[in-house]
Amino acid sequence: MNWSSFSDFLAMGGYAFFVWMSYGATALLVVAEIAWVVKQRRQSLARARVQRKIREWSSS
Amino acid sequence: MKPRQKRLAIVGGGLAALAVTAALVLNAFEDNLLFFFSPTQVYAKEAPLDRPFRIGGLVEAGSVKREADGLTVAFKVTDTAQVVPVTYKGILPDLFQEGKGVVARGRLGPDGVFRADQVLARHDENYMPPEAAHALEQAKKSQGSVVAPAGGSGK
Amino acid sequence: MSIHWFKYASPASFYGLAGRLIPWFAAAAALATLAGLYIGLVLAPTDFQQGDSYRIIYIHVPAAWIGMFTYLVMAGWAAAGIVFNTRLSGMMVQALAPTGALFTFIALWTGAFWGRPTWGAYWVWDARLTSTLILFFLYIGYMALRASIDDPRRADRAGALLTLVGVVNIPIIYFSVKWWNTLHQGASVKPGSSSMATVMLTGMLVMAFAAWMYTIAISLARVRSIIVEREQHSAWVGELLVAEGHVGAPGTSGGVPGSKGEKAR
């Protein structure tokens, strides 16, 4: 363990701004990418459902 | 747009993008592949002396002198072969230290003094805890004392 | 052996394989991230010259590695697409690009926030930084090129060519710090040696592993959407919707896209 307290940890030896800007932005971007992929999946399935219905109608 | 026209537009756009990228790359290579020049290169007149350029090397130990205003600083950049004196007015980066790497941008005056408008620290690729660095330093010192005739730093 | 590989080169069977693999890679990514963050931010000591600003390394270096490595994998799929003319290849290139771009951006971003406190500048135009910016532009260029071509198969071919042309940039990035004077320092980790304390190195390698696992998981998830999107007219996707429970059995009407509660039927 490198830190004596939690506030010590947050202060990052005086480099809090730079360290947390790096970690924060990365976390945000990764979460955004996951959300985007989930949305993409929903949309692709929705479009495929429409195509399937069209095929059903045209075959009946 | 007809399909053929569209294809042409795509190929044209692709070529244009490639040209811009190539221009960017070549331009970057031309000016910046050598991000800085060493003091030896400066003495050999390989650096563009008529315009601003960057000089890089180590801050010579014991050469850093601060003026009374607290902002102006003079130091010497060395590559162990040649030395170039530098003056700079401004805030130095945290890692600026004697014996450590430095890159300064500016012009070389006729008096041989490099007047910098920007000073960057160039650190090495070693990472270790302070205790390890200290131990390494001690080891180096005691090793040196074995060779030195008046070495009395034994524990 | 090769028969098995080519079996999975069909998007339909790769869709299933990817679905089975994703949870494993995602779990590995999550566990490695937790372990890596714990080692890097809690256990690892302060650096002797950079203080705690060096802790950005646990994101910066893995992101830069994965940014470059993903491009190489993309180029491999692109080459396979040109040689074997398989549909899956183009889809994989398409699936990898956004994540490669993301990690390259993260490397540039964290590099800026690391450069400011250590070098004294957010950005400099040295060979390492410039060539990494070009890598980011290559990813963006690939995605823009795809978006500008309506026919996916033609977009595959054009994208593959662009990807292969750009691959020359990867060795330039990697060796830039050796070939030219740069502000960026040399590599701390080279094959067979490292200039980092063991705990620090361990944290960084664990984070790199996490980023690698994440990249595999997220691009497999993305390629599944791309497969469904691009094969939506085929019968197997229709059967898949039923098999996975996204619509009712044939004849019971699929429901309106976006309507809730279809799974319950």
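Position numbers for residues start from 1 in each chain and track the written sequence from start to end. Written order determines the labels here, with chains lettered from A and ligands numbered from 1. Only residues with pLDDT of at least 70 are given local features in this predicted model, and only at 80 or more are side-chain atom pairs given and counted; all residues enter the totals for whole chains, interfaces and linings. Side-chain calculation: all heavy atoms of the structure are included, whereas hydrogens and water are not.

1. What about helix α3 (residues 57-84) of chain C?
Part 1: Secondary structure counts use DSSP, requiring at least four H or I residues in a row for a helix and at least two E residues in a row for a strand, with both numbered from the N terminus. Residue count minus one, scaled by 1.5 Å, sets the expected span of a helix. Taking 1.5 Å of rise per residue, the 28 residues of α3 of chain C would be expected to cover 40 Å, and the 40 Å separating its terminal C-alpha atoms lies within 8% of that figure.
Part 2: Downstream of α3 of chain C by one or two residues, N85 of chain C has phi in the positive range, about 55°.

2. Describing the confidence of the model for chain C
Residues and elements named next belong to chain C.
Part 1: What pLDDT conveys is the predictor's confidence in a given residue, as a value from 0 to 100. Averaged over all residues, the pLDDT of chain C equals 88, while 91% of them reach at least 70.
Part 2: Predicted confidence for residues 252-265 stays below pLDDT 50, and this span has 20 contacts to residues more than four positions away or in other chains.
Part 3: Both confidence scores are given for the complex: pTM 0.86, ipTM 0.93. In this description, contact between two residues means that some pair of their heavy atoms is separated by no more than 4.5 Å.

3. Examining the interface of chain A and chain C
Part 1: Every contact between the two is made by 36 residues of chain A and, on the other side, 56 residues of chain C.
Part 2: By buried area we mean how much accessible surface two parts lose on assembly, using a 1.4 Å probe and totalling the loss over both. For the pair chain A and chain C, the summed buried surface comes to about 3,900 Å²; carbon and sulfur atoms form 63% of the total.
Part 3: Of all residues in chain A, Y23, R49 and R52 of chain A bury the most surface against chain C, accounting for 18% of the area lost on that side.
Part 4: Whenever Lys or Arg places a side-chain nitrogen within 4 Å of a carboxyl oxygen from Asp or Glu, that contact is recorded as a salt bridge. Our count for the chain A to chain C interface comes out at three salt bridges.
Part 5: Among the ionic pairs, R47 of chain A bridges to E229 of chain C, the shortest N-O distance being 2.7 Å.

4. Comments concerning the packing of aromatic side chains
The geometry of an aromatic ring pair is captured by two quantities: the separation of the ring centres and the angle between the planes.
Part 1: The aromatic pairing rule takes the rings of Phe, Tyr and Trp, using the six-membered ring of Trp, and pairs them if the centres are within 6.5 Å, calling planes under 30 degrees apart stacked, those over 60 edge-to-face and the rest tilted. Per the stated rule, a full pass over the model turns up 26 aromatic pairs over all chains.
Part 2: Chaining the aromatic ring pairs together yields one cluster made of F17 and F18 of chain A together with F105, W109, F113, Y122, F136 and F137 of chain C.
Part 3: By the criterion adopted, a ring carries a charge over it if an Arg CZ or a Lys NZ lies within 6 Å of its centre and within 35 degrees of its normal. Above the plane of the ring of Y15 of chain C lies R224 of chain C, whose end atom (NZ or CZ) is 4.1 Å from the centre.

5. A look at a nonpolar patch on the surface
All names here are of chain C.
Part 1: Here, patches come from residues exposed beyond 30% relative accessible area and free of salt bridges, joined within 9 Å for like charges and within 5 Å for nonpolar side chains (Val, Leu, Ile, Met, Phe, Trp, Tyr). Note on areas: Shrake-Rupley with a 1.4 Å probe; residue coverage comes only from the protein chains shown. On the surface, F69, L72, F209 and W212 cluster together into a nonpolar patch covering about 370 Å² of accessible area.
Part 2: Those elements that place two or more of their residues in the nonpolar patch are α3 and α8 (198-230).
Part 3: Among the secondary structure elements, L72 is positioned in helix α3.

6. Re the interface of chain B and chain C
Part 1: At the junction of the two partners, chain B supplies 34 residues and chain C supplies 41 residues.
Part 2: With both chains or domains summed, chain B and chain C bury close to 3,300 Å², and 63% of this area falls on carbon and sulfur atoms.
Part 3: Inspection of the region where chain B meets chain C yields zero salt bridges.
Part 4: Among the elements of the structure, α1 (3-32), β6 (114-122) and α3 (130-147) of chain B are those that each provide at least two residues to the side of chain B that touches chain C.
Part 5: Of the residues forming the side of chain B that touches chain C, the biggest block, 10 residues, is contributed by α1 of chain B.
Part 6: Three categories are distinguished: nonpolar for Ala, Val, Leu, Ile, Met, Phe, Trp, Tyr, Cys and Pro, charged for Asp, Glu, Lys and Arg, and polar for the others, with Gly belonging to the last. Here the side of chain B that touches chain C is composed, by residue class, of 21 nonpolar, six polar and seven charged.

7. Some thoughts on the pairing of strand β5 (residues 101-108) of chain B
Side-chain positions along a regular strand alternate between the two faces of the sheet.
Residue and element names in this part refer to chain B.
Part 1: At least two bridges found by DSSP between two strands are what make those strands a pair. One ladder, built from six bridges, connects strand β1 (residues 53-59) with β5; its direction is antiparallel. Each bridged residue has a counterpart across the sheet, and for F53 the counterpart in β5 is G106.
Part 2: Pairing geometry for β5 and β6, over eight bridges, is antiparallel. Within β6, the residue paired with L108 across the bridge is F114.
Part 3: Two successive antiparallel strands, β5 and β6, enclose a turn made up of five residues, where G112 displays a positive phi of approximately 85°.

8. A look at the side chain of T163 of chain C
Residue and element names in this part refer to chain C.
Part 1: Structurally, T163 is set in helix α6 (residues 152-166).
Part 2: Each residue's exposure class comes from its accessible area (1.4 Å probe, protein chains only) as a fraction of the maximum for that residue type: buried when under 20%, exposed when over 50%, partly exposed otherwise. Given a relative accessible area of 1%, T163 falls into the buried group.
Part 3: For this analysis, a polar contact is any N or O atom pair within 3.5 Å, provided that within protein one partner can donate a hydrogen and the other can accept it, and provided that sequence-adjacent residues contribute only side-chain to side-chain pairs. Separated by 2.6 Å, the side chain of T163 and the backbone oxygen of G159 make a polar contact.
Part 4: If near-sequence neighbours (up to four positions away) are discounted, T163 is found in contact with Y71, M74, A75, A78, V93 and Y142.

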